[in-house]
Amino acid sequence: MLRSMKMAAFAAGLILAASSSALAADATADDTARFLAGLPPSEGSPLLPLTKDPAWQRHAKFFDNAFAQLEQRQLTKVRAWADTNLAAPKTTMFYFFSGPDFLYANAFYGKATTYVMAALEPSGSMPDLTKLPRGSINSALGNIEHSLGTIMNFSFFITKHMKTDLHVGQISGALPLLFVFMERSGKSIKEVTPVWLDEEGQLHTGNDGKTNVPRGVRILFSGKDDVEKTLYYFSTDLSNGGVKSSGFLKFCAGLAPGNSLIKSASYLLHSGSFTMARDFLLTNSATIIQDDSGIPLGDYNSKKWRFFPFGHYAGPIGEFPGRYQQSYAELFRRAQPMDFGIGYRWRTHDSNLLLSVKLGPDEAPAADATASTDTPPPAKPPRPKKPKQPEPRRGMFWFQR
């Protein structure tokens, strides 16, 4: 009897040791990303036992429902629009003022193989989820859900909220949110490396860099087609004072030409403080997809670009007075319809999207393209209206801000 009890205790000890060893092992980047996205990690992952926590199971069901609705309501339509209107996309895409929004970068430019995203938000580092304090999974995952609330409902992040959301708890920074969007977009993460740029735009790996340099992450990933792709996310100041000495634009120039996305950019490119980023995009982009918060229409050279407006231009919302563009309004009188919302005016019937295509050396703009950007007689712009928050609907994911 005593021998049997000793054997049972020994066996229990082996099981406990094996469990502790598994939890002590490093989780892969892909397993970490899948766990945060509410998707089961691989067999044998040290994170697998954590999926038995009721908090993670609730999180998984919540994201299953939320992303299913987002896919049907929005992303399927965005991809269909891109397939119809983007003839020959480049392999590189630039997304300035992006935050961690891989979701729309991938939806608009899913055929790119190199993504360059940049914003002020810190990238953070890959969290070790096996070291989360006991009972803290619910709050950690709840913070992820809260951080993604506005972009999943309205297609944009709110900067002042991001400053709070990305600095709290054990899971912080843009990287965990990038993880969620990448995994929920059907990607598999192969490698995550911290990187920084020197003044000449040379890329360095690791964390040993000067102060006040662009820092971020390089993520190697693939989709269902197994084509390896690269995502660079940099936390950097995109104002003239920031990019003049940072090397960020030099790094981007080495990957140009590319296609660009500008969405919900706080009208920063309308300011004289961001002319270097604006001029870079105009010089190094083959196509630019933007809402009216992007590059002012008057800054495009109409002899070098052809414009394809979609949706309806209703002017800026109340938070951005003085940014009404009469030339934009004139251009959008001949806009084509679109069936999804984008930008600050996120309702479908209020949204605008401009596809600008750079002409080749032997191409000429359409006869009406130049006329559409001429300065028309002054007109009183409509009073901007702040979009109302939608009422929560049964079955619709909703995050209270």
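This text follows the structure it describes.
Here's a quick rundown of the structure.

1. As for the overall build of the protein
(1) Moving on: From N to C terminus, the protein includes 13 helices and ten strands.
(2) Moving on: When each of the 401 residues of the protein is scored for burial, the buried share is 51%.
(3) Moving on: Within the structure as shown, the protein displays about 19100 Å² of accessible surface, and the carbon and sulfur contribution to it stands at 53%.

2. Structural notes on the packing of aromatic side chains
(1) Moving on: In the structure shown here, the tally under the stated rule is 28 aromatic pairs.
(2) Moving on: Between Phe-102 and Phe-221, the aromatic rings sit 5.7 Å apart at their centres with planes inclined by 85 degrees, giving edge-to-face as the arrangement. Of this pair, Phe-102 sits in helix H4 (residues 102-108) while Phe-221 sits in strand S5 (residues 215-222), placing them 119 residues apart in sequence.
(3) Moving on: For Phe-102, a relative accessible area of 0% puts it in the buried group.
(4) Moving on: On the numbers, 5.0 Å between centres and 45 degrees between planes, the contact of Tyr-267 with Phe-320 is tilted. Of this pair, Tyr-267 sits in the loop between strand S7 (258-262) and helix H11 (275-284) while Phe-320 sits in the loop between strand S9 (305-311) and helix H12 (326-331), placing them 53 residues apart in sequence.
(5) Moving on: Assessed through its relative accessible area of 17%, Phe-320 is described here as buried.
(6) Moving on: Linked through ring pairs, Phe-94, Phe-96, Tyr-232, Phe-234, Phe-248, Phe-251 and Phe-280 together constitute an aromatic cluster.

3. Remarks on the nonpolar core
(1) Moving on: Trp-81, Phe-102, Phe-108, Leu-231, Ile-289 and Leu-353 are the most contacted members of the largest nonpolar core, which totals 63 residues.
(2) Moving on: In terms of residues, this core owes the most to one element, helix H3 (residues 54-85), which gives ten residues.
(3) Moving on: If we skip the residues at most four places from it in the chain, Phe-102 touches Tyr-115, Met-117, Leu-178, Phe-181, Met-182, Ser-185, Lys-187, Phe-221 and Leu-231.
(4) Moving on: Counting 35 residues, the second-largest nonpolar core is a separate cluster that includes Phe-251, Phe-274, Ala-277 and Leu-354.

4. A look at the environment of Thr-114
(1) Moving on: Note on placement: Thr-114 falls in strand S2 (residues 114-119).
(2) Moving on: The buried category is assigned to Thr-114, whose relative accessible area is 15%.
(3) Moving on: Put simply, Thr-114 and Thr-91 are 23 residues apart on the chain and 6.2 Å apart in space, counted from C-alpha to C-alpha.
(4) Moving on: With sequence-adjacent residues up to four places away left out, Thr-114 is seen in contact with Thr-91, Thr-92, Met-93, Thr-230, Tyr-232 and Leu-255.

5. Examining the side chain of Gln-325
(1) Moving on: Inspection of the secondary structure assignment puts Gln-325 in the loop between S9 and H12.
(2) Moving on: Polar side-chain contacts of Gln-325 include one of 3.5 Å to the backbone oxygen of Asp-292.

6. Section: the packing of helix H2 (residues 29-36) against helix H8 (residues 175-184)
(1) Moving on: It is the contact of H2 with H8, at a shortest axis distance of 8 Å, that shows an interaxial angle of 85 degrees. The orientation of H2 relative to H8 falls into the category roughly perpendicular. On H8, the residues that touch Ala-29, Asp-30, Thr-32, Ala-33, Arg-34 and Leu-36 of H2 are Pro-176, Phe-179, Val-180 and Glu-183.
(2) Moving on: For the contact of H2 with H8, the class distribution of residues is six nonpolar, one polar and three charged.

7. Brief notes about the environment of Gly-223
(1) Moving on: Inspection of the secondary structure puts Gly-223 in the loop between S5 and strand S6 (228-235).
(2) Moving on: When the C-alpha positions of Gly-223 and Ser-185 are compared, they lie 8.4 Å apart, and in sequence the two are 38 residues distant.
(3) Moving on: Not counting residues up to four positions away in its chain, the partners in contact with Gly-223 are Gly-186 and Lys-187.

8. Quick look at the pairing of strand S1 (residues 92-96)
(1) Moving on: When you tally the buried positions in S1, you get five out of five residues, the bulk of the element.
(2) Moving on: Burial along S1 is two-sided: the residues Thr-92, Phe-94 and Phe-96 and Met-93 and Tyr-95 are all buried.
(3) Moving on: In this sheet, S2 lies alongside S1 in parallel orientation, the contact comprising five bridges. Its bridge partner being in S2, Thr-92 is matched across the sheet by Thr-114.
(4) Moving on: For the handedness criterion, the β-α-β arrangement of S1, H4 and S2 is classed as right-handed.
(5) Moving on: With two bridges joining them, S1 and S7 adopt parallel strand pairing. Within S7, the position partnered with Met-93 by the bridge is Asn-259.

Reading the values: the criteria
- Residues numbered from 1 in each chain as written.
- Predicted model: local features only at pLDDT ≥ 70, side-chain atom pairs only at ≥ 80, totals over all residues.
- Heavy atoms only, no water.
- Helix = DSSP H or I, 4+ residues; strand = E, 2+ residues; numbered from the N terminus.
- Buried < 20%, exposed > 50% of the residue type's maximum accessible area, 1.4 Å probe, protein only.
- Areas by Shrake-Rupley, 256 points an atom, 1.4 Å probe, with all protein chains shown as cover.
- Phe/Tyr/Trp six-rings, centres within 6.5 Å; stacked < 30°, edge-to-face > 60°.
- Core = buried A, V, L, I, M, F, W, Y, C linked by side-chain atoms within 4.5 Å.
- Contact = heavy atoms within 4.5 Å.
- Polar contact = N/O pair within 3.5 Å; in protein donor to acceptor, adjacent residues only side chain to side chain.
- Axes fitted to C-alpha atoms, helices over the stretch in contact; angles between N-to-C directions.
- Parallel < 35°, antiparallel > 145°, perpendicular 65-115°, else oblique.
- Nonpolar A, V, L, I, M, F, W, Y, C, P; charged D, E, K, R; others polar.
- Pairing = 2+ DSSP bridges.
- Right-handed = clockwise from strand over helix to strand, strands pointing away.

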